[in-house]
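# Secondary and tertiary structure notes
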Amino acid sequence: MKWILTLLAFAHIATNLSAQEAISKKMRFKNGVYTSFDDFHQNKPLYKLGQVKYFDYNLDKEKNILFLDNLAIEELPYSDIKSLENIWGICVKGIPYIKVIPEVQSSKNEVYFVQFYVLGSISYFYYQTFVNKTVMMAIYNPITGTKVAEKPIVNKEKVLVKKILNFQTGQIKTFNKENVKNWIANDSKLTESIDKLNDDEIEEKLFKTLLIYNDRNPVYLE
């Protein structure tokens, strides 16, 4: 009798797992405002977009970055999310966007809401932004034309930022060889393959490694 009950229990668990939808880009999340990673992890936005009277936004050309209209923020009916600081992310038309703050802001309190390019055990997103880079400017003698001194100046440089998010913990790190390797440590074959990658292969194959890991290690909503 015990073994029959055990089999039934395992069958019940297997049925529940098969009915669940693994996290992926195909999945549609619930529209609304996420105030924390836990909200997103459970697919339970704390506030619905329908509660915002003048909700409006714009997308960049790639439809990768969402810019929330300032009026939409002002019209949020709850005081705890009137500040962008208290928003973790937002979901529009089933697509989740995570909030990022550019290092160099062109306007006060400027933020981006960036779409996830990959959703899974290790999620991936990217965006372009500007960073301040200090360079040395040469100063020349106007008569002789010889270099007499140097002084540092700060230039804005456009860069591509690549990030990964651990869907179990909510931790966010830079997408690079070391961080990916640490997060896939439970898959010895993939970590070995990463170690064999040379500098020319890193860019393309590291991303493919991430996709393979997600296929082997699906995650589900709580």
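Look a little higher up for the structure.
These figures come from a predicted structure and were not determined experimentally.

Conventions used here
Residues numbered from 1 in each chain as written. Predicted model: local features only at pLDDT ≥ 70, side-chain atom pairs only at ≥ 80, totals over all residues. Heavy atoms only, no water. Salt bridge = Lys/Arg side-chain N within 4 Å of Asp/Glu carboxyl O. Helix = DSSP H or I, 4+ residues; strand = E, 2+ residues; numbered from the N terminus. Buried < 20%, exposed > 50% of the residue type's maximum accessible area, 1.4 Å probe, protein only. Polar contact = N/O pair within 3.5 Å; in protein donor to acceptor, adjacent residues only side chain to side chain. Contact = heavy atoms within 4.5 Å. Phe/Tyr/Trp six-rings, centres within 6.5 Å; stacked < 30°, edge-to-face > 60°. Pairing = 2+ DSSP bridges. Axes fitted to C-alpha atoms, helices over the stretch in contact; angles between N-to-C directions.

### Brief notes about the pattern of salt bridges
- Overall, the coordinates contain five salt bridges when judged by the stated rule.
- A salt bridge links Glu 201 to Lys 205; the shortest N-O distance between them is 3.2 Å. Of this pair, Glu 201 and Lys 205 both sit in helix α6 (residues 199–216), four residues apart, which is roughly one turn of the helix.
- Since its relative accessible area comes to 25%, Glu 201 is described here as partly exposed.
- Of the charged contacts in the structure, one is a salt bridge between Lys 208 and Glu 204, with a shortest N-O distance of 3.0 Å. Placement of both Lys 208 and Glu 204 in helix α6 is noted, with a separation of four residues, approximately one turn of the helix.

### Quick notes on the side chain of Asn 179
- Position of Asn 179 relative to the elements: it lies in helix α4 (residues 177–183).
- Engagement of the side chain of Asn 179 in a polar contact is seen with the backbone oxygen of Thr 174, the distance being 2.8 Å.
- Once you skip the residues sitting within four places of it in the chain, Asn 179 turns out to touch Ile 164, Lys 173 and Thr 174.

### Topic: the packing of aromatic side chains
- Enumeration over the complete set of coordinates arrives at 17 aromatic pairs.
- Considering the side-chain rings of Phe 40 and Phe 116, the 5.6 Å spacing of their centres and the 5° angle between planes classify their relative orientation as stacked. In this pair, Phe 40 is assigned in helix α2 (residues 37–41) and Phe 116 in the loop between β6 (112–115) and β7 (122–140), connecting sequence segments 76 residues apart. Each member of the pair, Phe 40 together with Phe 116, is buried.
- Consider the rings of Phe 40 and Phe 167, whose centres lie 5.6 Å apart with planes at 70°: the pair is edge-to-face. One end of the pair, Phe 40, is in helix α2; the other, Phe 167, is in the loop between β8 (147–166) and β9 (172–174), with 127 residues separating them in the sequence.
- A residue is classified by how much of its surface remains accessible, and Phe 40, at 0% relative accessible area, is buried.
- According to the relative accessible area criterion, Phe 167 is buried, its value standing at 0%.
- Connected via pairs of aromatic rings, a cluster forms that spans Phe 29, Tyr 34, Phe 37, Phe 40, Trp 88, Phe 116, Phe 125 and Phe 167.

### Regarding unusual backbone geometry
- Of note, Asn 43 is a non-glycine position whose phi angle comes to about 55°, a positive value.
- Note on placement: Asn 43 falls in the loop between α2 and β2 (57–59).
- The exposure class of Asn 43 is buried, given its relative accessible area of 7%.
- Notably, Lys 63 is not glycine yet its phi reads approximately 60°, a positive angle.
- Mapping Lys 63 onto the fold places it in the loop between β2 and β3 (65–68).

### Considering the sheet that holds β2
- Strands sit in the order β1-β4-β5-β6-β3-β2 across an open sheet of six strands; the sheet is antiparallel. Of all the strands in the sheet, just β1 (32–34) and β2 have a single pairing partner and so form its edges. Sheet twist, expressed as the mean angle between neighbouring strand axes with direction ignored, is 30°.
- Direction of pairing for β3 relative to β6: antiparallel, over a ladder of two bridges. Across the sheet, residue Leu 66 finds its bridge partner in β6, namely Phe 113.

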